[in-house]
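Examining the three-dimensional arrangement
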Amino acid sequence: MTASIPASTRIVVIGGGVIGTSIAYHLARAGAKDVLLLEKSKLTEGATWHAAGLVGQFRSQQNLMSLMNDSVKLFDRLGQETGQDLGWRKFGSIRLAQTENRWKELLKSYSAAQAVGFEMNLLTPSEAGELYPLIETADLVGAAFIPADGYIDPNSLTQAYAKGIRANGGRIVEGVMVTDMVHDKNRITQVVTDQGSIAVETVVNAAGLWARQLGWMAGVEIPAAVVEHQYLVTEKSDLIPDGLPALRDPDGGFYAKPEPGALAIGGWERQTNKVNPREGFPWQNERFLFDGNMDRLAEFFEPAMQRIPALGELGMRSIVNGPIPISPDGEPIMGPVPGLDNFFSACAFTSGIAASGGAGKAMANWILEGDPGLDLWPFDIRRFGPLHAGQKFLHDRAVESYSKYYAIHWPGEELEAARGVRRSPLYQTLRDQGAVFGSKFGWERANWFAHNSIAQQDVHGFDRPQQDITVGCEHRAARDGVVLVDMSSFTKFEISGVDACRFLQYLAVANVDKQPGGASYTQLCNQRGGIEADVTIIRRSEDCFWLITGSGFGVRDRHWIERNLKGYGSATVEIRDITSTYGVINLAGPLARKVLQKVCDDDVSHEAFPFMAAKDIRIGYAPALAYRVSYIGELGWELYIPSEYLQYAYETLQQAGEEFDITNMGYRAIDSLRLEKRYLAWGVDITPDYNPFEAGLQFSIDWNKGDFVGAEALEKIKQQGVSQKLACLALNKPLPVFGGEAVFLGDKVVAQTTSGNFGYMVGKSLVLCYLPVDILDENKFMVQSFDEKSSASLVKGAAYDPERKKMLC
């Protein structure tokens, strides 16, 4: 008999899989009252029940690894806490490398693991064979062993969470179908079920396979697809010893999870099947499996038999071909859903068992405290927009992300599905001139330009192949001559109204109350002083401002702005997205002024047009807002041009620049240029985990303008000081660096790099990292890149033009 549902509750978690139960457990354990979990059938009967149960912790970023590590810490104690045997077997995991490139990928991971204090051991082929006696090792280059990994029983884990929910005062009601949600403006006020309605304060979508449809009930799009994933279970045999670690052979495309006397062999094939892309996964399909697909099975089972010859002697007990949720980029979807004030999502977990403990903890923090407790931008739902939720884009990208799960993840590699969707008016022109494009939030953006006999396609490798003759040429052209960059993908918001200035003064740390034509570089901080956004604000008129942010940050930043606007009172402020209205051309380099002066009648001298000023000009016949600013450390202007004039303006500038050998430049050169100048990138070098004092951005704070978000916390940080500061290190060997590398002082790891690239003008590999303040006077650092180390010198200020003379001339 189904338990009755309450008429009202504080928090409703919808979905009784491993993620939903973990969230409800953490909420109840944190002391939240009136936590109710609703499950339409029985616990685990979506995707959890047929999950393999592998627990792998390693991720390239420290916070994502912390999430997985929180799961393992919880698994270590949850059984004793609840009295439920989890089936937790902490026997470690082995990842094999069959090729030199795969080995380099493992070496890169090893450096990152050292940087964050995570135990990961590199093995020779023979050592791997000793740990896993069933495998053939003759063709291996090496392997990595993570002792704290293992595997767990998904059903038992979910039941343990359920016991913890009840023990901490939460409720679980099974057999209740959610059918609708009632709104009042931007809030969900009632969850409607087949057994009545429940008045709510907060709703959490942990519906797994049905998360997309639940989003439709709430009036929002959740970009969570469903695809098929299968594995087989062998017959039991004495050939399979007890205590084996989990095994992953990504070159073979398979994993092996030990079962009692047997093995579960699964894989991530090059192609899988989409499931009901239009209508969503059928509501009635609990505990549902598809028929086994032998062709897809053979793709990973044949390599598995070569690696584990004993498989050829074992029969096949069962094939499990089940539905799993997946996002467009293969990573989970977590956090507050834009458009609603009290709706959270936690879904699209392809590794939900392993992530469940950490994800539940982070979601509980997000719901109760307003943030997850650590930066989770790679998992944040706000990294996606409406484009990603379109059923064709969503499913095409999801299938590609699935297919690349075990592929080598090359630095800078771009997804190939759902391309060419958002195009600047300059797209075809740039393509004809050699552009090799990447994709950012659906936008096609030129990463670099091919010339002469260089093929117009990416070449992948861990040593930045051919970039010295492509990216390096563009880099030097920006330093010595003049370049054009299409930056039309910038997100642009127009913020207007009689209270616009007053609100932006409260939102930003800098003083934005400039005269029309004035501009401010500023951070938007949270109440802890963490950096939520890194933006430029231009005053267009008394009551109108433009806020410029990165191509992929528009959804997140708008959500942050609107969230603070709602808490600000009855301000008269309107926010309008004008991204598609204006294209942007960046004209930059020491000869930029000569080019711009040729095509406009205005005086663009330094005296008439100073740094950080914005003026309406004409480029030939075309109107443009010229904003003098630089992200590469050179004289330059961002030219905001109505989209219909963009092609003409580009042609006019390019023709005017012919005598100066004007050059196209892409985003990869921007990255190397900005590192020479120690300019930071949000989401990499600065996040909500860091404050302006740590990042060296305290110069942007105006302490005299009155109250602003985070002022109290930042004042306290100012008085007390910080324990770490962002630093730039220059390597003495030209090793390839990408971010994530370990930084040593003597034999001790002291930091992990946030960014890395080669500085083509200074002739050195450069990295950024946060160093403890008590070692900032040291100068005997070492940076590990793959299996090599290089001594590195601390750079005071910027590696190139530290006095900013070129930019301010």
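The present account deals with the structure reproduced in this document. The structure displayed is predicted, hence computed values, not measured ones. (Residues numbered from 1 in each chain as written. Predicted model: local features only at pLDDT ≥ 70, side-chain atom pairs only at ≥ 80, totals over all residues. Heavy atoms only, no water.)

**Side note on the overall build of the protein**
Of regular secondary structure, the protein possesses 19 helices and 38 strands. Over its C-alpha atoms the protein spans a radius of gyration of 27 Å, differing by no more than 12% from the 28 Å that the globule rule assigns to 809 residues. Principal-axis analysis of the C-alpha atoms gives the protein an extent of 80 × 65 × 50 Å. Every one of the 809 residues in the protein was classed for burial, and the buried ones make up 62%. Long-range contacts, defined here as pairs at least 24 residues apart, represent 72% of the contacts in the protein between residues at least 6 apart. As presented, the protein carries roughly 30,700 Å² of accessible surface, and 46% of it is formed by carbon and sulfur atoms. (Helix = DSSP H or I, 4+ residues; strand = E, 2+ residues; numbered from the N terminus. Rg over C-alpha atoms; globule rule 2.2 N^0.38 Å. Buried < 20%, exposed > 50% of the residue type's maximum accessible area, 1.4 Å probe, protein only. Contact = heavy atoms within 4.5 Å. Areas by Shrake-Rupley, 256 points an atom, 1.4 Å probe, with all protein chains shown as cover.)

**Examining the side chain of K492**
With respect to the element layout, K492 can be found in strand β23 (residues 491-496). For the buried K492, which has no salt bridge, the nearest side chain bearing the opposite charge is D577, at an N-O separation of 7.1 Å. A distance of 2.8 Å separates a polar side-chain atom of K492 from the backbone oxygen of S488. Among residues more than four places away in sequence, those in contact with K492 are L547, I548, R576, D577, I578, T579, Y582, V584 and Y640. (Lys, Arg positive; Asp, Glu negative; His and termini not counted. Salt bridge = Lys/Arg side-chain N within 4 Å of Asp/Glu carboxyl O. Polar contact = N/O pair within 3.5 Å; in protein donor to acceptor, adjacent residues only side chain to side chain.)

**A short note on the side chain of R102**
Secondary-structure assignment places R102 in helix α3 (residues 100-115). Residue classification places R102 among the buried residues on the basis of a relative accessible area of 5%. Within polar-contact distance, the side chain of R102 engages the side chain of D251 at 2.9 Å. With near-sequence residues (within four places) excluded, R102 lies in contact with L96, A97, P250, D251, Y406, A407 and I408.

**Details of the sheet that holds strand β30 (residues 622-628)**
Strands sit in the order β29-β30-β31-β28-β22-β32 across an open sheet of six strands; the sheet is mixed. Of all strands in the sheet, those with a lone pairing partner are β29 (614-619) and β32 (663-664), marking the two edges. Taken together, the four bridges between β30 and strand β31 (residues 636-642) define a ladder with antiparallel strand orientation. What sits directly across from A626, in β31, is L639. (Pairing = 2+ DSSP bridges.)

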